[in-house]
Amino acid sequence: MASYLDQGLPEPVREALAELQRGAPPMAPELAAQVVTAELGAPPEVLFAEWDPVPIAAASIGQVHAGTLRNGREVVVKVQRPGVRETVRDDMEVLTRLASIADRRTEAGRQFGFGQLLAQFRRSVAGELDYRREAKNLVTFGELTAEYDRLVVPQPVMEYTTSRLRTMDRIEGRKITDIGRL
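Residues numbered from 1 in each chain as written. Predicted model: local features only at pLDDT ≥ 70, side-chain atom pairs only at ≥ 80, totals over all residues. Heavy atoms only, no water.

1. Quick word on the pairing of strand β4 (residues 74–80)
Burial within β4 is extensive, with 5 of its 7 residues counted as buried. Strand direction decides the pairing type here: strand β3 (residues 62–68) and β4, joined by 7 bridges, are antiparallel. In the sheet register, Gln63 faces β4, and the bridge partner there is Val79. With antiparallel pairing between neighbouring strands as the criterion, β3 and β4 make up a hairpin whose turn holds 5 residues, including Gly72 at a positive phi of roughly 95°. Taken together, the 5 bridges between β4 and strand β5 (residues 165–169) define a ladder with antiparallel strand orientation. (Buried < 20%, exposed > 50% of the residue type's maximum accessible area, 1.4 Å probe, protein only. Helix = DSSP H or I, 4+ residues; strand = E, 2+ residues; numbered from the N terminus. Pairing = 2+ DSSP bridges.)

Encoded structure:
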């Protein structure tokens, strides 16, 4: 959870927190396949013409696998880690209690309103945990940026997207976090 709270922090701290997001160990291939099966009703080897059980990226909330649909469309599939929603919910409950105490008992809490900041953060994280919502946001972002020919927004495959699984076009490019270095 702390890896998302990096605004205004010194660069070394931000880098360490970013590593929490991108340095998460991957799920076992069988576990990722179980999530796909539970969400779409069949194992990835049946649903996809090609499925790479080794993730191309892993983070704290989920991981990404490469695949090819039966129609030949190359995609990536973001698979949410089992239990992550419950973990986030539990973490938020603890943080809410701590923020409430800090707001009542500390000058910083009264000044910054940790409870309000946490409520905004909670809404943001809830959005990240709903992959259908993320897919709809991709569609909207693609529409809003359609006039920029050098910006390509991957489009979701809604038939292969659920609240815990997001399938979208596979696009080779650069990570948005590398833009500052370009």
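2. Comments concerning the nonpolar core
A general trend in soluble globular proteins is that nonpolar side chains are found buried together. Phe48, Val77 and Val79 are the most contacted members of the largest nonpolar core, which totals 15 residues. For this core, the secondary-structure elements that each account for two or more residues are α2 (29–40) and β4. Once residues within four sequence positions are removed from consideration, Val79 is found in contact with Met27, Ala32, Val35, Val36, Trp51, Ile61, Gly62, Gln63, His65, Tyr131, Arg164 and Leu165. Among the nonpolar cores identified, the runner-up in size contains 10 residues, and Met92, Ala99, Leu118 and Tyr131 belong to it. (Core = buried A, V, L, I, M, F, W, Y, C linked by side-chain atoms within 4.5 Å. Contact = heavy atoms within 4.5 Å.)

3. What to know about helix α7 (residues 131–144)
Taking 1.5 Å of rise per residue, 14 residues should cover 20 Å, and α7 covers 20 Å from first to last C-alpha, within 8% of that figure. When we look at burial in α7, the residues that qualify are Tyr131, Glu134, Ala135, Leu138 and Gly142. In a view along the axis of α7, the buried residues occupy a sector of 100°, so they form one face of it. For α7, the exposed residues lying more than 90 degrees away from the buried face are Lys136, Glu143 and Leu144. Contact partners of the buried residues in α7: β3, β4, α6 (114–129) and β5. The N-cap of α7, judged by a side-chain oxygen 3.1 Å from the amide nitrogen of Arg132 a few residues on, is Asp130. (Expected span 1.5 Å × (residues − 1). Arc of directions from axis to C-beta. Polar contact = N/O pair within 3.5 Å; in protein donor to acceptor, adjacent residues only side chain to side chain.)

4. Quick notes on the packing of helix α4 (residues 84–105) against α6
The interhelical angle for the contact between α4 and α6, taken along N-to-C directions, is 170°, at an axis separation of 9 Å. Overall, the two elements α4 and α6 adopt an arrangement that is roughly antiparallel. Judged by residue contacts, Val84, Arg85, Val88, Arg89, Met92, Glu93, Leu95, Thr96, Ala99, Ala102 and Asp103 of α4 engage Phe114, Gly115, Leu118, Phe121, Arg122, Val125 and Leu129 from α6. For the contact of α4 with α6, the residue count by class is 11 nonpolar, 2 polar and 5 charged. (Axes fitted to C-alpha atoms, helices over the stretch in contact; angles between N-to-C directions. Parallel < 35°, antiparallel > 145°, perpendicular 65-115°, else oblique. Nonpolar A, V, L, I, M, F, W, Y, C, P; charged D, E, K, R; others polar.)

Function cannot be read off these values alone, since they describe shape.
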